[in-house]
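# Inside the fold
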Amino acid sequence: GVGGLGGINRTMSVDALQAGFRAHTLDSVLSPPDPIANAPQIISDIGNFFPVAEGRYLFGPLLTLGWGTPTLIALTLGVLLEVPDPIRIVILGLIDAALPTEDEALIQLHIEVLGVIDFGALTLSIDGSLYDSSLLIYALAGSLAFRASWGANKNLVYSLGGFNPHFNTDGLNVPANMQRMSVSIGVGDNPRISSNSYLAITTNSLQFGANVQAYASAGGFSISGYLGFDVLVIFSPFHFEFDFSVSFDVAYDGDTLTGLTVSGSISGPTPWNLQGT
């Protein structure tokens, strides 16, 4: 599929595009499934994403590539240019895959990407989202964010799955609630094992963490367990924080028979702190 978008006296609302990205509604512009039937919604979305702005113009190609018959992997890409100065470029991407067949897919991937280059503000932002995806019986999800500025206030932020709970993201222009990189094993809620993780790098920090949760029940008895940790390293002045938590619980009809929870934190080096329960 080949198409295009053009706008006269129109600009791009990055906030609206990012909101549409998080709500997975960008396909109403990139590749609407039924343009005629959905015309009112598509026109409304276009007006929201590309509001009126006197003297601004935008244009760009929209392209959809498919592989296989029937289509097993589809890539939809849009590159939109806004002129005159300050020039901005927005890259919109959708990747859908179902292998080996759509009806009996062992691998399902749905990935959205939104990139914005602003030559006026001298910034680059990229957001990515993996949603409604699975590998065999394992559900997959997660989000990505990249921010870079090369103007007077140089900055760099990269995150897979979010940030350390103790890290203040104010002023970094990153999504407020990024989804952890997650893998879930099991059909339904019993039994289930799930894992969440994140990795983040900024100009002055390294952050990573993960947790694993498990649950099973039968005959009124239930067993649950949790293991998690978070690490935050500040380069200058050097400082680190390490938090951990482990728990185990056996219950009958909702009442705990025996359980153990251990949690603590270590930070330093000036001063050193150790806390635990």
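Residues numbered from 1 in each chain as written. Predicted model: local features only at pLDDT ≥ 70, side-chain atom pairs only at ≥ 80, totals over all residues. Heavy atoms only, no water.

## Some details on the pairing of strand S11 (residues 205–218)
Pairing geometry for strand S10 (residues 192–202) and S11, over eleven bridges, is antiparallel. Each bridged residue has a counterpart across the sheet, and for Asn196 the counterpart in S11 is Asn211. Once S10 ends, the chain turns through two residues before running back antiparallel as S11. (Pairing = 2+ DSSP bridges. Helix = DSSP H or I, 4+ residues; strand = E, 2+ residues; numbered from the N terminus.)

## Considering the layout of surface pockets
Considering only enclosed or pocket space, the largest pocket measures out at about 350 Å³ in volume. Around the largest pocket, the lining is made up of 18 residues, and of these Thr123, Leu124, Ser125, Arg147 and Asn173 lie nearest the centre. Of all the elements in the fold, those that place two or more residues in the lining of the largest pocket are helix H1 (14–22), strand S5 (105–118), strand S6 (123–135), strand S7 (138–149) and strand S8 (155–160). Residues that form the lining of the largest pocket fall into these classes: eight nonpolar, seven polar and three charged. (1 Å grid on protein atoms, 1.4 Å probe; cavity = no way out; pocket = protein on both sides within 12 Å on 5 of 7 lines; lining within 4 Å. Points joined across faces, edges and corners; volume = space filled by probe spheres on them. Nonpolar A, V, L, I, M, F, W, Y, C, P; charged D, E, K, R; others polar.)

## Brief notes about the packing of aromatic side chains
Taken as a whole and assessed by the stated rule, the structure comprises six aromatic pairs. Judged by centre distance (6.3 Å) and plane angle (75 degrees), the ring pair of Phe208 and Phe229 falls under edge-to-face. Residue Phe208 is located in strand S11, and its partner Phe229 is located in strand S12 (residues 221–234); the two are separated by 21 residues in the primary sequence. Overall, Phe229 belongs to the partly exposed group, its relative accessible area being 31%. (Phe/Tyr/Trp six-rings, centres within 6.5 Å; stacked < 30°, edge-to-face > 60°. Buried < 20%, exposed > 50% of the residue type's maximum accessible area, 1.4 Å probe, protein only.)

## Details of the pattern of salt bridges
Taken as a whole, this structure holds three salt bridges when the rule is applied. With a shortest N-O distance of 2.9 Å, Glu82 and Arg56 are connected by a salt bridge. One end of the pair, Glu82, is in strand S3 (residues 73–83); the other, Arg56, is in strand S2 (residues 52–67), and 26 residues separate them in sequence. When sorted by exposure, Glu82 lands in the same class as Arg56, which is buried. The closest approach of N and O atoms between Asp127 and Arg147, which form a salt bridge, is 3.0 Å. Linking Asp127 in strand S6 with Arg147 in strand S7, this pair joins segments that are 20 residues apart in sequence. Residue Asp127 is classed as buried on the basis of its relative accessible area of 2%. Several salt bridges converge on common partners, so that one network encompasses Arg56, Glu82 and Arg88. (Salt bridge = Lys/Arg side-chain N within 4 Å of Asp/Glu carboxyl O.)

## Re helix H3 (residues 39–49)
All of the buried residues along H3 are Ile42, Asp45 and Phe49. The buried residues of H3 occupy one face: seen down the axis, they fall within an arc of 65 degrees. Exposed positions of H3 whose direction lies more than 90 degrees from the buried face are Pro40 and Ile43. Check the buried side of H3 and you find it contacts H1 and helix H2 (27–30). (Arc of directions from axis to C-beta. Contact = heavy atoms within 4.5 Å.)

## Topic: the environment of Ser205
Positionally, Ser205 belongs in strand S11. Judged by its relative accessible area of 1%, Ser205 falls in the buried class. Along the backbone, Ser205 and Ser125 are 80 residues apart, and their C-alpha atoms lie at a distance of 19 Å. Discounting chain neighbours no more than four positions away, the residues touching Ser205 are Phe167, Ala200, Leu232, Val233, Ile234 and Phe235.

## Some remarks on unusual backbone geometry
Note that the residue after Ser236, namely Pro237, is joined by a cis bond; omega there is -10 degrees. Position of Pro237 relative to the elements: it lies in the loop between S12 and strand S13 (239–252). The amide bond that connects Gly268 to the next residue, Pro269, takes the cis arrangement and shows omega of 5 degrees. With respect to the helices and strands, Pro269 occurs in the loop between strand S14 (255–268) and strand S15 (273–276). With a phi angle near 45 degrees, Asp132 is a residue other than glycine that sits in the positive phi range. Along the chain, Asp132 turns up in strand S6. The exposure class assigned to Asp132 is exposed, which follows from its relative accessible area of 61%.

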